[in-house]
Amino acid sequence: MTGLAPQPNRTGERYGERLFSHQRPDEADRLQALAQALDPHTFRRLDRLPLREDWHCLEIGAGLATTVPWLAERCPRGRVVATDIDTRLFPDPAARNGWEAMSHDVTRDEFPEGAFHFIHARWVFSHLPSRDADLRRVIRWLAPGGWLLIEDLARFPLESSPHPLYRTVSLAMCDALEKRIGTDSVWARGLPSILHTEGLTDIGSEASADCVGPTPMGRFWQLSAAQLAPDLHGSFGIAPPQLDQLIAEVGTGDLTDLCLANVAAWGRRPE
Ligand SMILES: C[S@@+](CC[C@H](N)C(=O)[O-])C[C@H]1O[C@@H](n2cnc3c(N)ncnc32)[C@H](O)[C@@H]1O
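Throughout what follows, the structure given in this document is the object of discussion. As the structure is a prediction and not an experimental result, all values here were calculated from the model. (Residues numbered from 1 in each chain as written. Predicted model: local features only at pLDDT ≥ 70, side-chain atom pairs only at ≥ 80, totals over all residues. Heavy atoms only, no water.)

1. A word on the site of the ligand
At step 1: Around the ligand sit 18 residues in total, of which Gly61, Asp84, Asp105, Val106 and Arg122 are the nearest.
At step 2: Between the ligand and isoleucine 85 there is a distance of 3.3 Å, counted from a nitrogen atom to a backbone nitrogen or oxygen.
At step 3: Between the ligand and valine 106, the relevant distance is 3.0 Å, taken from a nitrogen atom to a main-chain nitrogen or oxygen of the residue.
At step 4: With the chains in place, 97% of the 590 Å² that the ligand exposes on its own is no longer accessible.
At step 5: Assessed atom by atom at 2 Å from the grid points, the ligand resides in the largest pocket.
At step 6: When grouped by side-chain class, the residues that make up the shell around the ligand number nine nonpolar, five polar and four charged. (Near = heavy atom within 4 Å. Polar contact = N/O pair within 3.5 Å; in protein donor to acceptor, adjacent residues only side chain to side chain. Areas by Shrake-Rupley, 256 points an atom, 1.4 Å probe, with all protein chains shown as cover. 1 Å grid on protein atoms, 1.4 Å probe; cavity = no way out; pocket = protein on both sides within 12 Å on 5 of 7 lines; lining within 4 Å. Sits in = over half its atoms within 2 Å of the grid points. Nonpolar A, V, L, I, M, F, W, Y, C, P; charged D, E, K, R; others polar.)

The structure is reproduced here in structure tokens:
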């Protein structure tokens, strides 16, 4: 392993086209592990927002749609819409109680201005090269007085990891994502400022970080590393046996450390 610098050129590949495709046999498992790690933080944050029974809510890039039943339960007289560019991993229609599924590309498809009282997106925008413009459009879909909660990944806990190999490999994973699909693993750190610049009020923010090890976040890290193995070897000089050993150590708990942070920021569109 040499810690080679990433090449600045991008492939033009988008999230889910090949990397993290929902057609991969292990992708539901990877997203389930992510949801198990993040849902408790999300539900705690949602609990603090003043959602009303008749609100119209939008969940963008819902993945397995694990957060959506919570919204449907809180807003039984409203409308809850869950979107994704690929809805194949959503629960079957019979299991969708009180919410609608929609194939929708947040970088291209629209909703009417002011259509929703609450919008949530988790670990979606960092993967979109047009993230700033997309977020600006999404904020226009908020009704006056409506709330946005956005949560996204940030690499800062990895940069100070005391485990040299884990630090090198995890940061190379972030760089490989940037190179392959344009993911920005720093962007979310600036979310409070971004929401302020976009004119939201009542802004709040916090970050959480879960541990790798025999944990849901560890499983998510392992499955992400396995998908990125050819990039880590080809572009960053990380030899497959080294990666395999690190993946095994995470699984046994011989390596326990913080993973990516989950930066949350929320704010209200002015009345
Ligand atoms: C890392 S997963 C997160 C899933 C879910 N939000 C969660 O936190 O459990 C990213 C999700 O964003 C979706 N996605 C990626 N690009 C998208 C786009 N342009 N429009 C809508 N969804 C998109 C992916 O299909 C995937 O389900």
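2. Quick notes on the side chain of threonine 183
At step 1: Along the polypeptide, threonine 183 turns up in the loop between α5 (164–181) and α6 (191–197).
At step 2: Relative accessible area serves as the criterion here: at 1%, threonine 183 is assigned to the buried category.
At step 3: For threonine 183, the side chain forms a polar contact with the side chain of histidine 127, separated by 2.9 Å. (Helix = DSSP H or I, 4+ residues; strand = E, 2+ residues; numbered from the N terminus. Buried < 20%, exposed > 50% of the residue type's maximum accessible area, 1.4 Å probe, protein only.)

3. Looking at unusual backbone geometry
At step 1: A positive phi angle, close to 55°, is found at tryptophan 123, a residue other than glycine.
At step 2: Relative to the assigned elements, tryptophan 123 resides in the loop between β4 (116–122) and α3 (131–140).
At step 3: For aspartate 202, which is not glycine, the phi torsion reads 50° and is therefore positive.
At step 4: Mapped onto the elements of the fold, aspartate 202 is located in strand β6 (residues 201–212).
At step 5: The exposure class of aspartate 202 is partly exposed, given its relative accessible area of 46%.

4. Considerations on the sheet that holds strand β7 (residues 257–268)
By definition, the strands of a sheet pair up through backbone hydrogen bonds, in either a parallel or an antiparallel sense.
At step 1: Spatial ordering of the open sheet is given by β3-β2-β1-β4-β5-β7-β6, a layout of seven strands whose pairing is mixed. The open sheet has two free edges, formed respectively by β3 (100–103) and β6, since each of these has just one partner strand. Each strand axis lies, on average, 15° off the axis of its neighbour in the sheet, ignoring direction.
At step 2: Bridge analysis of β4 against strand β5 (residues 142–154) gives six bridges, and the strand direction is parallel. Note that in β5 the partner of arginine 122 across the bridge is glutamate 151.
At step 3: Together, β4, β5, β6 and β7 form the strand contacts of helix α1 (residues 27–47), whose direction differs from that of β6 by roughly 155°. (Pairing = 2+ DSSP bridges. Axes fitted to C-alpha atoms, helices over the stretch in contact; angles between N-to-C directions. Contact = heavy atoms within 4.5 Å.)

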